[in-house]
Amino acid sequence: MHPLELVADLRTFLPPEAVLYESEDLKPYECDGLSAYRQTPMIVALPQTEDEVVRILQICHMSKTPVVARGAGTGLSGGALPHASGVLLSLAKLKRILKVDPIARTARVQPGVRNLAISEAAAPYGLYYAPDPSSQIACSIGGNVAENSGGVHCLKYGLTVHNILQLRVVTMAGESLEIGGAGLDAPGYDLLALMTGSEGMLGIVTEITVKLTPSAEKAQVVMAAFDDIRKAGNAVANVIGAGIIPAGMEMMDKIATRAVEEYVHVGYNLEAAAILLCEADGTAEEVADEIRRIDEIMRQSGAIEIRTSRDETERLRFWAGRKAAFPAAGRVSPDYYCMDGTIPRKNLARVLGGIERLSTEYGLRCMNVFHAGDGNLHPLILYDANQPGEPEKTEEFGAKILEMCIEAGGTITGEHGVGIEKINQMCSQFSSRELKIFHAVKAVFDPEGLLNPGKAVPTLRRCAEHGAMHVHRGEEKFPGLPRF
Amino acid sequence: MQNIIDQFADTIRTAAERKAPLRICGGGSKEFYGNRIVGQSIDMLDVTAYSGIVDYEPTELVITARTGTRLADLEAELYGQRQILAFEPPHFGATTTLGGCVATGLSGPRRASVGAVRDFVLGVRMLDGRGDDLHFGGQVMKNVAGYDISRLVTGSMGTLGLLLEVSLKVLPLPPMEMTLSLQMKEAEAIEKMNLWAGKPLPISATCFCNDALTLRLSGTEAAVRAAHAKLGGEKVAEGTAFWQSVREQTHIFFQPGKSLWRLSIKSTTPPLSLPGQQLIEWGAALRWLISDAEVTAETVRAVAATAGGHATLFRSGESSVAAFHPLAPEMMAIHRCLKEKFDPMGILNPGRMYPEL
Ligand SMILES: Cc1cc2nc3c(=O)[nH]c(=O)nc-3n(C[C@H](O)[C@H](O)[C@H](O)COP(=O)(O)OP(=O)(O)OC[C@H]3O[C@@H](n4cnc5c(N)ncnc54)[C@H](O)[C@@H]3O)c2cc1C
Ligand SMILES: Cc1cc2nc3c(=O)[nH]c(=O)nc-3n(C[C@H](O)[C@H](O)[C@H](O)COP(=O)(O)OP(=O)(O)OC[C@H]3O[C@@H](n4cnc5c(N)ncnc54)[C@H](O)[C@@H]3O)c2cc1C
């Protein structure tokens, strides 16, 4: 269909300002948080109701026009990268909180609602929405569902998939589905889980019922510095081995610590090889008890400095650095590239050693922030996009880190999604049979492949061309030989 | 162990060629649950030989085991490291396997506070209806590479594939548990369960039956004692045995021989007016109903649907009533399509969940 015909069709039920097609209007939508990939869409549609979403999809379905969903565009894997001859479907205007039910501890919201806005609406009832990505002031709950986003508190409180009850989803053909229920489970297959993390490939999420969690009476954080990254890794294992599930457990390496210290001036130990932040929450009695035990474990694990937050202001200050890791990277370097592998924690020292070696090899600095409790590593490669060859080198460096994560028994993405960015590494993590199953699942919901084409799951042909070897889940070919 | 997998794959491929249904059999403990498999001359595929723990690192909070492993053995291994399957799966017999636990997706008393089986499943290895050996998810806590097939197959009653290995997140044993009992009427109990669930209290299980609300507190000694002081109530001496009886349905409420309905509904639903006796769990989101024949399946299901949920005929002598709540037509269409993708010949536990699957 001709773009202008499509515009006219959409404008039969959408106001003119909700259907954009002039190039200067399209510009703001050309990329998400991964700005290395850019593409202007043919049309941007901005519906305000589910009914409008349905009608847009029906029209696109009939005219075989690709559709890419977009929430707030903070995604870090190019998931919301537009399609050149497609409609970019922005859910940003569906931003109403439909109901907060303090007794049932749920909130029913539209997909464009910001993550933090839910917690703000629940706060008067002593409740909050637990998953707290660092982007929570900006990112949308619809995007969180599409990426199964996590935050610094997800070891104890779970990811998005653990904190939602019900979804309304519209398929590419324009059919509305009710998935999940008001109870704790639903009959049939677990489509709620299947939808979560499906990167806008299976349907458009138009309504979400989330669980709300009671706010803890108190939280306190221990900040421990170590002169050796291995000791910090062991400290994490020791805390968990002692039967403690901390509310948050984060690690930063020396480069990261220095970068954030320059930015937020928290007073982090700049000589330390690694800083650990370990938080306890609960009742006052519980927290006092747990903090005492954590302190003792850090000491026994060889911490060179231990500080415990004395009040809420100091607790937030300790966290401020960790939460500002990305902007801090942006200050010390013109550009940075954030990776997102997960590994079994026991392999931390080995993988970090490998990253260090690659860093020397490529001549690019890399700072590491780490959701240490659950093994989710965010190496931030620092580079300058204006230096010829650096973007390519950076991408190669990143790809090698991901391959290393697979070899260490982990995965190429813990929370940011595959998107367009890690599509080649999918060929390493999965066999062609497994990829076929992913394509089959996609076909159940979207047989013509019109939703977010080219993302999340590579075609088998692409894998053949990429020539990636299927690294067989951590079973190294020569396990006896040192790897990195 | 690979030779066992090869045998399983052979059996599946042969069955697929002949379009002959297979009945995947774990411990045989949940035979009563779900629907009867449809078809003639159903061959049995016994998974119990494929057993044993593949990998367990307590400090990683992850265990990977073969699905023929007895749940009791797995839990004993965890207990030795002071860790647990936090979702407290019911066993319903000594022979229960990990495969049956994940395939049925059933969780016990701690479910409302920590989550269900599906919340702890991190990865699976399985054979689909073509006999293809597939891995999804992994052994790490966070993983969003590819669609979440591991959770999709959890609770699918063996209709999407034969599970071979499962990785689960485990949690530490709470340092202290205390069981309390408070006398009150049903409406008040439902109100209290919801109210308390909205407070930062370490409540890990609830059960209302016979005008008594029983609560379990789990956590550090300080937290448990403080919560007891806030909530009041009599300490129950045999707390562990009580929760075991609720989990395994040996509690006196679960009289054998009668129809047992399981209504999973919105927790704030006031007392349900249905004939028979009820036992309430999961902060009032789960209502068990023992009823005689006087109430029809349609009535029970309509009541559950109105309360935002669904009803399962959990145990019954009646095979004419479908075990699981009917799906909306558009949802059934998706289910059938998914089934066809995983099991094109329709040979894996056909009819066990729904006649169409
Ligand atoms: C500074 C910074 C910090 C971050 N920190 C974290 C973190 O701590 N943890 C974490 O997990 N992530 C983090 N992220 C990544 C990002 O914020 C999350 O992935 C977030 O969930 C994306 O939400 P969004 O609304 O911006 O989605 P978008 O970027 O707009 O879209 C993401 C994907 O979701 C799809 N999508 C969006 N809305 C819908 C819908 N309604 N229905 C169907 N599909 C939809 C899109 O097609 C796309 O594939 C961070 C990003 C930044 C920039
Ligand atoms: C002699 C005999 C004959 C029977 N004949 C029939 C019959 O003709 N038709 C009929 O419907 N039932 C029949 N049954 C009942 C049958 O045993 C159960 O209904 C069913 O197999 C339940 O599985 P389970 O008993 O192993 O229980 P569990 O081990 O507790 O398993 C529960 C459920 O999980 C599934 N499951 C277990 N392990 C796996 C795995 N690794 N991967 C995927 N799914 C798994 C099972 O198929 C079952 O649906 C018979 C039982 C016996 C003892």
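Residues numbered from 1 in each chain as written. Chains lettered and ligands numbered in written order. Predicted model: local features only at pLDDT ≥ 70, side-chain atom pairs only at ≥ 80, totals over all residues. Heavy atoms only, no water.

Some words on the overall build of chain A
For step 1, the next point in the chain: Helix and strand counts for chain A stand at 17 helices and 19 strands.
For step 2, the next point in the chain: The C-alpha atoms of chain A give a radius of gyration of 23 Å, which matches the 23 Å a tight globule of 484 residues would have.
For step 3, the next point in the chain: Counting only C-alpha atoms, chain A reaches 70 × 55 × 45 Å along its principal axes.
For step 4, the next point in the chain: For chain A, with 484 residues in total, the buried portion stands at 60%.
For step 5, the next point in the chain: A separation of at least 24 residues holds for 71% of the contacts in chain A among residues at least 6 apart in sequence.
For step 6, the next point in the chain: Of the accessible surface of chain A, which amounts to about 17,700 Å², a share of 51% is contributed by carbon and sulfur atoms.
For step 7, the next point in the chain: The distance from the centre of the 48 positive side-chain charges to the centre of the 61 negative ones in chain A is 2 Å. (Helix = DSSP H or I, 4+ residues; strand = E, 2+ residues; numbered from the N terminus. Rg over C-alpha atoms; globule rule 2.2 N^0.38 Å. Buried < 20%, exposed > 50% of the residue type's maximum accessible area, 1.4 Å probe, protein only. Contact = heavy atoms within 4.5 Å. Areas by Shrake-Rupley, 256 points an atom, 1.4 Å probe, with all protein chains shown as cover. Lys, Arg positive; Asp, Glu negative; His and termini not counted. Charge placed at Lys NZ, Arg CZ, Asp CG, Glu CD.)

Section: the overall build of chain B
For step 1, the next point in the chain: A tally of helices and strands in chain B yields 11 helices and 17 strands.
For step 2, the next point in the chain: A compact globule built from 357 residues would reach a C-alpha radius of gyration of about 21 Å, and chain B, at 21 Å, matches this within 12%.
For step 3, the next point in the chain: With respect to the principal axes defined by its C-alpha atoms, chain B has extents near 65 × 50 × 35 Å.
For step 4, the next point in the chain: Counting every position in chain B, which comprises 357 residues, the buried fraction comes to 61%.
For step 5, the next point in the chain: In chain B, 67% of the contacts between residues at least 6 apart in sequence involve partners at least 24 apart.
For step 6, the next point in the chain: Surface exposure of chain B reaches about 13,400 Å², of which carbon and sulfur atoms provide 51%.
For step 7, the next point in the chain: For chain B, the distance from the average position of its 35 positive side-chain charges to the average position of its 37 negative side-chain charges is 3 Å.

A short note on the environment of B:Asp55
For step 1, the next point in the chain: Locating B:Asp55 in the fold gives a position in strand 3 (residues 53–57).
For step 2, the next point in the chain: A relative accessible area of 25% places B:Asp55 in the partly exposed class.
For step 3, the next point in the chain: A sequence separation of 112 residues divides B:Asp55 from B:Ser167, and the C-alpha atoms of the two residues are 8.8 Å apart.
For step 4, the next point in the chain: Dropping the residues within four chain positions of it, B:Asp55 is found in contact with A:Lys346, B:Val62, B:Ile63, B:Thr64 and B:Gln139.
For step 5, the next point in the chain: Within the local environment of B:Asp55, its side chain forms a polar contact with the side chain of B:Gln139, the two groups lying 3.1 Å apart. (Polar contact = N/O pair within 3.5 Å; in protein donor to acceptor, adjacent residues only side chain to side chain.)

Observations concerning the pattern of salt bridges
For step 1, the next point in the chain: Applying the stated criterion across every chain yields a total of 45 salt bridges over all chains.
For step 2, the next point in the chain: Residue B:Asp119 is joined to B:Arg118 by a salt bridge in which the shortest nitrogen-to-oxygen separation is 2.9 Å.
For step 3, the next point in the chain: Linking B:Asp211 and B:Lys185 is a salt bridge whose minimum nitrogen-to-oxygen distance equals 3.1 Å. With B:Asp211 in the loop between strand 11 (203–209) and strand 12 (212–219) and B:Lys185 in the loop between strand 10 (176–183) and helix 7 (186–197), this pair connects stretches of sequence that are 26 residues apart.
For step 4, the next point in the chain: For B:Asp211, a relative accessible area of 33% corresponds to the partly exposed category.
For step 5, the next point in the chain: Residues participating in the shared-partner salt-bridge network are A:Asp190, B:Arg111, B:Arg118 and B:Asp119. (Salt bridge = Lys/Arg side-chain N within 4 Å of Asp/Glu carboxyl O.)

Considerations on the packing of aromatic side chains
For step 1, the next point in the chain: Using the criterion set out here, one finds 19 aromatic pairs over all chains in the structure.
For step 2, the next point in the chain: Their ring planes at 80 degrees and their centres at 5.0 Å tell us that A:Phe430 and A:Phe438 sit as a pair that is edge-to-face. When sorted by exposure, A:Phe430 lands in the same class as A:Phe438, which is buried.
For step 3, the next point in the chain: Here the aromatic rings of B:Phe324 and B:Tyr354 are separated by 6.2 Å at their centres, their planes lie at 50 degrees, and the arrangement is tilted. Of the two residues, B:Phe324 sits in the loop between strand 17 (310–315) and helix 11 (329–342) while B:Tyr354 sits in the segment after helix 11, which places them 30 residues apart along the sequence.
For step 4, the next point in the chain: A relative accessible area of 9% places B:Phe324 in the buried class. (Phe/Tyr/Trp six-rings, centres within 6.5 Å; stacked < 30°, edge-to-face > 60°.)

Focus: the pairing of strand 6 (residues 106–109) of chain A
Here is the key point about a regular strand: its side chains alternate between the two faces of the sheet.
Residues and elements named next belong to chain A.
For step 1, the next point in the chain: Here strand 5 (residues 97–101) pairs with strand 6 via four bridges, running antiparallel. When the bridges of strand 6 are listed, Ile 97 appears paired with Val 109.
For step 2, the next point in the chain: What sits between strand 5 and strand 6 in their antiparallel hairpin is a turn of four residues, with Arg 105 showing a positive phi close to 60 degrees.
For step 3, the next point in the chain: Pairing analysis gives four bridges linking strand 6 to strand 10 (residues 204–211), with the strands arranged antiparallel. Bridge pairing in strand 10 links Ala 107 to Val 210. (Pairing = 2+ DSSP bridges.)

Some thoughts on the sheet that holds strand 1 (residues 19–20) of chain A
Residues and elements named next belong to chain A.
For step 1, the next point in the chain: The strand order across the open sheet formed by four strands is 1-2-4-3, and the pairing between neighbours is mixed. Two strands in the sheet have a free side with no partner beyond their single neighbour: strand 1 and strand 3 (67–70).
For step 2, the next point in the chain: Bridge count for strand 3 against strand 4 (residues 87–90) is four bridges, and the pairing is parallel. Along strand 4, the bridge assignment pairs Val 68 with Leu 88.
For step 3, the next point in the chain: In the packing of helix 1 (residues 3–10) onto the sheet, contacts are made with strand 1, strand 2 (43–45) and strand 4, and the angle to strand 2 comes to roughly 10 degrees. (Axes fitted to C-alpha atoms, helices over the stretch in contact; angles between N-to-C directions.)

Examining the site of ligand 1
All names here are of chain A.
For step 1, the next point in the chain: With respect to spatial proximity, 33 residues lie near ligand 1, and among them Ala 69, Gly 71, Thr 74, Ser 135 and Ser 140 are the closest.
For step 2, the next point in the chain: Within the backbone of Ala 72, a nitrogen or oxygen atom sits 2.8 Å from an oxygen atom of ligand 1.
For step 3, the next point in the chain: Here ligand 1, which alone exposes 980 Å², has 94% of that area covered by the protein.
For step 4, the next point in the chain: Listing elements by their share of the shell around ligand 1, those giving two or more residues are strand 3, helix 5 (141–147) and strand 10.
For step 5, the next point in the chain: A per-element tally of the shell around ligand 1 places helix 5 first, with five residues.
For step 6, the next point in the chain: Within the shell around ligand 1, the residues separate by chemical class into 12 nonpolar, 17 polar and four charged. (Near = heavy atom within 4 Å. Nonpolar A, V, L, I, M, F, W, Y, C, P; charged D, E, K, R; others polar.)

Quick word on the interface of chain A and chain B
For step 1, the next point in the chain: Across the contact, 83 residues belong to chain A and 69 residues belong to chain B.
For step 2, the next point in the chain: Of the roughly 6,300 Å² buried where chain A meets chain B, counting both sides, 63% is carbon and sulfur surface.
For step 3, the next point in the chain: Broken down residue by residue, the surface that chain A buries against chain B is led by A:Leu184, A:Tyr189 and A:Ile437, which jointly contribute 13%.
For step 4, the next point in the chain: Put simply, chain A and chain B have seven salt bridges between them.
For step 5, the next point in the chain: Two residues, A:Asp101 and B:Lys266, come together in a salt bridge whose shortest N-O distance is 3.1 Å. (Buried area = accessible area lost by both parts, 1.4 Å probe.)

Things to note about the state of the cysteines
By definition, a disulfide links the sulfur atoms of two cysteine residues through a covalent bond.
All names here are of chain A.
For step 1, the next point in the chain: Following the criterion strictly, the structure yields one disulfide over all chains and no others.
For step 2, the next point in the chain: One disulfide bridge connects Cys 427 with Cys 463, the sulfur atoms lying 2.1 Å from each other. Because the sign of the S-S torsion sets the handedness, a value of about -80 degrees for the bond joining Cys 427 and Cys 463 places this disulfide among the left-handed ones. Taken together, the residues span a long stretch of sequence, with Cys 427 in helix 15 (residues 423–429) and Cys 463 in helix 17 (residues 460–466) at a distance of 36 residues. An identical accessibility class is assigned to Cys 427 and Cys 463; each is buried. (Disulfide = S-S within 2.5 Å.)

A short note on the sheet that holds strand 16 (residues 286–291) of chain B
Residue and element names in this part refer to chain B.
For step 1, the next point in the chain: Sheet architecture is open: eight strands sit in the order 13-10-12-11-15-16-14-17, paired in antiparallel fashion. Both outer strands of the open sheet, strand 13 (234–235) and strand 17, are each paired with one neighbouring strand and no more.
For step 2, the next point in the chain: Sheet topology note: the strand 14 (residues 259–264)/strand 16 ladder contains six bridges and is antiparallel. Within strand 16, the position partnered with Leu 260 by the bridge is Ile 290.

Thoughts on the confidence of the model for chain B
For step 1, the next point in the chain: Scored by pLDDT, chain B comes out at a mean of 95, with 99% of its residues at no less than 70.
For step 2, the next point in the chain: As a predicted assembly, this complex carries a pTM of 0.94 together with an ipTM value of 0.97. (pLDDT = per-residue confidence, 0-100.)

Quick look at helix 1 (residues 2–18) of chain B
All names here are of chain B.
For step 1, the next point in the chain: Helix length check: helix 1, at 17 residues, gives a terminal C-alpha distance of 24 Å against a target of 24 Å (1.5 Å per residue), a fit within 8%.
For step 2, the next point in the chain: Those residues of helix 1 not exposed but buried are Ile 4, Ile 5, Phe 8, Ala 9, Ile 12, Ala 15 and Ala 16. What you see down the axis of helix 1 is that its buried residues fit within an arc of 140 degrees, all on one side. Every exposed residue of helix 1 that faces more than 90 degrees away from the buried side is listed here: Glu 17 and Arg 18.
For step 3, the next point in the chain: As for helix 1, its buried residues are in contact with strand 1 (22–25), strand 2 (43–46), strand 6 (121–127), strand 7 (133–137) and strand 8 (162–169). (Expected span 1.5 Å × (residues − 1). Arc of directions from axis to C-beta.)

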